Each structure stands twice: as structure tokens, then as C-alpha cells.
Amino acid sequence: MIIQNIVFGILLGSIYALAAIGLSLIFGVVNLTNFAHGDFIMLAMYVAYLLGVSLKLDPILTPIISFPLFFLLGMAVYLVIFHKIIRAPPLSQIAVTVGLLVLLRNFALAVWHAEPKSIPRTILGYSYHLGPLLIPADRLTGMLISIATFIALHLFLTKTRIGIAMRALADDLDSAALMGVNVRNLNMLTCALGIGIVALAGGILMTFQPVNPMTGLIYGLLTWSVVAMAGLGGVSGVLLSGIIFGIADAFTAAFWDPRAREITIYILFILLLWFRPKGLFGRR
Amino acid sequence: MDRRLVLAPLISLGVLSLVPLLLGFNNYYLLLASLILLYTTMVSAWNIIGGFAGQVDLAAGAYHGIGIFVTGLLFIFYRVTPLVGIFLGGGVAALLALAIGYPTFRFGLREVWYALSSLALVVILYKLFLIWENVGGTIERYLPKVGFSWFYLTFPGNYLYYYFMSALLLVATIAINIRVRYSKLGYYLLAIRENEEAAEMLGIDVRRYKLYALMIYSFIVGLTGGIFVLMLGYVHPVLFDSWISIQTAILGIVGGLGSIAGGPIIAVVLLAVAEYLRVKFGGYIPGLHQILFAIILMVIVLFKPGGIGEWLDTLWRRLTVGRRVEEVA
């Protein structure tokens, strides 16, 4: 039972980490507080639902279409909104992105209404049995995609010129700009990438969870919790803290009450902010 | 300062008393007007923590819900009169704020982290009351039917009384705003908002004064919950509503941080418009009024960060300076 839930937690947590990495990138590199991240996840889930219903596409395959869409969406959001508040005080950033959150939530409410939506079916609706352990295929696939994304991202950030420039930007904006980094383009690329990855997470989440307009708030707080625990610097920290939250989630659902998942996660989040404001894995 | 303290509340009470007359004592309009005044009260209270102290607090939904549950459950379980229950609700909300706020400020949570943890509090309490079947649970608990009673503050089918309760609370909150603004506490809070390190360096006990601001705010928001539950007639965990938090902060920011008049004025106007939109288009575009709020918030913050309050100040100065020039001439 305990091992089973640890396995569930790891599977779930790596998907949470995938949902949070975009936020971590935007927060770390662009230095932007994005309250609307969870609502982008919600939007991605709805897009996966839409593609699943209209094109009869399996949700796990929807990112093939939705990733480019969200990449462009990230660029557009950067150019229209984020661009204006990058140098603004935190309060303005919070206010504007809260506005964006409300906008996205009500857009979803107007288009898809308040009833939860879930996809008709997925080819991954079966489970593997590993001795006494039960491993759902949808979550296993999700974890594999997530880990592949993290490896790709890690290589991108450490091996390519653009990736190194991104990390430089995260460390010291002014020096990076003086060294000839094109801050504006790089910021746009980071936002595009960060929100593009959300499409991936949305497709995976849609294989096993329904979505409604309030999902955004839940995932928004969840991804911020993951980022708070990870601290800034390095993608592996995000993966690890995602897994920790995943395990906390699975244990609460199994031993207390499935509805109490948010309670454990957010209390953990608040305690973390009190006692380890730099995060567990952060450099600063 | 003392003149303002007496004058401003009296004027607002006078204006507010005329509203039922204009509405022709129509019960439905009075209900809407009472709700608008309650939400406006929250905005005015938010001004103390958000406007003066500069902390983007998103826990209004939590304190409001605590007020609802304490007042409602004391009435349902023990027949405690809401005359007492409302204030107990405010007190419990303030105690909760103290319990959460003390470590929050002690460990220096600020800006985005403060906003996030306060928003998380709303969701935590919602889920907690949903699971805690003895007091919350998924089924509504109705207030006892006692008929028309001053003692239980129950006036079935007549919202005029609730309207005046809300109006009084709003006026009192505005008076508290003015009192705080021109006191030592107010100046300290403004200093903290502008530069917390500098304020601390000058010997202000930053934590203590932020905590005072938080407790005043949460107490008032708790009171609004108590009045709200009397109008609503039942308690349910869904009343821990994150939208109330967000709405309060949006209106506070649009009204202008630290502006005593800006928040309430813009709140009354926008909430009235929102209510109209909800009635007119709510059927097919359910969230239209929220979309309106979001757009106004983004436009104001991007293009006029001072909010409506700044504009009001300029207007006021022009009017008064103009008068003074005339006197001299």
C-alpha cells in the first residue's frame, strides 16, 4: 500500500513538475510573476479536450497540434501583456496577471460552461501489473514524456548558446544585456517555450482528469508550490519537488480523503514559505 | 483631521440613506444594494492592508467565510443571537489572521509569496469545511426560522434592515480608514509600503504594524460575512469563495492604493454595472462582469497605476485650490 502510493506519487509528481517547469522558466529567466499559469494549464486541457472530441485524437497525441499553438500563444501574450510589466514593481505584475487569470477563466466559462469536461476515451486506459503494484499506463506515459522533456530542456539550457544566454539572463540581467544578449527576443522565446510546455502537460493531464474553469486556480497554486520548493536554478530541482508534491498528494488521497489533496499541498506550501523561502533545491 | 472624521461618514451615510428612497423600497433592488455595500465594505477594509501597508492580500474570501460560518453555526447550533455572533465572527477572523499573519510576517513573506499564501488559505478552508462533516459538509445548513425578530436580526422578506446594517458597516469602515490614515499607524504603514527596509531602519516595528493592519482588515471582513449569512439564510463551504478575494483586490487596486474615497466609489459603480451585466447577459455569457473587471484592472494598472484615487485627488485639489484663489481675489 505504501509502496503503491509512492509509485503513484512519483508518476503524478513528474507530471506536476512538467506543468510547473514553464512557470519556473518564466519566473526565473524573464523575472515575471505569472499568476495566470494555472489558467494556461486549464486552457491547454480544454484544447486537448476540443481536439480529442473534434478530431477523434487521443489526448496524449494532442500536444502535436497544441504545442505549436501554445508556443505562438506564449509569444503573443509576451508581446501584448508581459512585455509591458517586466520592469514594473511586483504589485503591478501580480495585478495584471490576476487580470489575465480572471480573463482566461471566464473565457473558458463562457465557451465551455461550468460542468467538468473529460475526454471520451484514451488508448492508455489500461494498467500494468508489476507483482502487487499497479501502474496506470496513462500516467506512466506522462512520466516518460515529462522526463524526456526535462532531459531535453536540461541539454538545451547547458549545451546550446541560446540556453546558456537564458541562464545568464536569469543570473544577471544587466550583465547579460551588456554581453550582447538580445534580452527582448530571449524573453519572448522563454515565454513561448514556458507556455508551449504547458500544452504538453495539459494533454497528459487530460488523459486521467476532467477539467472545469476552476481547475486553473488549483493548478496555479500547485505549480507555484512546486516552484517555491524548487527555488531558482536548475531544472532537476523542479522535477524533484514536483515528485515530492506528487507523493504528498497520493498519500493524502489514499490515507485521508481524496478531496483533501489541496489541503496537504497548500499547507506544505505555506510551511515551506515560512521555513525555507529559498526553496529546497535553489541556488538563490 | 477631526472635521474629516465626522464629516465624511455623515455625508456618506446621508447619501446612502437616500438610496432606498430612489429604489422605491423595492426588495430585490435593496438586496442587490446591500450586497454591493457589503462588497464595498470589503474593498474599503482591504485598503488598510493593501492600500496603506502595500500587501496584496487575497484572503478576503477566507475571512468572509469565517464570518459566515461562525455567525451562522452559532445561530444554528446554539441559538446565539447574531447581535453577538457577527462580532464573534469578526473576532475569530482576526484571530485566524493573527495566527497566520504572525509567522508570515515573521518569516518575511512579501509580494508574490504573500499573495499566493493568502489565496491558498481560501482554498484550504474551503476544502477543510467540505471534509469536516460536523460543521460543514456538502449539504447546506439553514438558519432557524424565527420569524421577524430584532433579537435574532431576522427580517424575512424585508431587506431594508440589512441594507442599513451594511450601510452602517461601510460608513464605520470608511471612518476607520480615515482614522488610521491620519494616525501614527497610518504613517508607519505608508512608510512600510514605500520601502520596508528603510522603514525598519528608522525604527518602525514593521511586523507589528503590518499585523495590526491585517487584523483590522480581517475583523471587518469577518463582520461582512456575518451580515451576509443573515441575508442568505444558509451556510455552505462554497461560500469560501476565491472570487471574493480577487474581486476585493481588483477593486482596491483600481480604486487607487491608499485612496480612502477611490476604492468605495469605484466599487459601488463597478459592482452596480456588474450586477446589471449579470442580469442582462448572465444567461448566455455567465462571466461577463468578471471579464469586465479583469479588463479594467489591466488597463488601469498598465496605463494609470495611481488608480481612480489619483484622479479624484487631482479633481479635489483643483476644486479647492480654485476656491481658495477666489477667496483671495
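So, here is what we can say about the structure in this document.

**A short note on the overall build of chain B**
Of regular secondary structure, chain B possesses 13 helices and two strands. A compact globule built from 329 residues would reach a C-alpha radius of gyration of about 20 Å, and chain B, at 20 Å, matches this within 12%. Counting only C-alpha atoms and orienting by the principal axes, one finds that chain B spans roughly 65 × 50 × 40 Å. When the 329 residues of chain B are sorted by exposure, 50% land in the buried category. The contacts in chain B between residues at least 6 apart in sequence include a share of 79% that link residues at least 24 apart.

**Digging into the interface of chain A and chain B**
It is common to give the size of an interface as the accessible area that goes away when the parts come together. At the interface, 30 residues of chain A touch 33 residues of chain B. Breaking the side of chain A that touches chain B down by element, the ones donating at least two residues are α4 (90-112), α9 (215-230) and α11 (261-275) of chain A. Ranked by the residues each element gives to the side of chain A that touches chain B, the list is headed by α4 of chain A, at 13 residues.

**Brief notes about helix α10 (residues 242-255) of chain B**
Given 3.6 residues per helical turn, the α-helix brings residues three or four places apart onto the same face. Taking 1.5 Å per residue as the helical rise, α10 of chain B with its 14 residues ought to reach 20 Å, and the 20 Å between its terminal C-alpha atoms agrees with that figure. Positive backbone phi, at 110 degrees, marks G256 of chain B, one or two positions downstream of α10 of chain B.

**Brief notes about the pairing of strand β1 (residues 127-130) of chain A**
Residue and element names in this part refer to chain A. Two elements, β1 and strand β2 (residues 133-136), share four bridges in a ladder whose sense is antiparallel. Along β2, the bridge assignment pairs H129 with L134. In sequence, β1 turns back onto β2 through a hairpin of two residues, with G131 there showing a positive phi of about 60 degrees.

Rules used throughout
Residues numbered from 1 in each chain as written. Chains lettered and ligands numbered in written order. Predicted model: local features only at pLDDT ≥ 70, side-chain atom pairs only at ≥ 80, totals over all residues. Helix = DSSP H or I, 4+ residues; strand = E, 2+ residues; numbered from the N terminus. Rg over C-alpha atoms; globule rule 2.2 N^0.38 Å. Buried ≥ 20, exposed ≤ 12 C-beta atoms within 10 Å, placed from the backbone. Contact = placed C-beta atoms within 7 Å. Expected span 1.5 Å × (residues − 1). Pairing = 2+ DSSP bridges.

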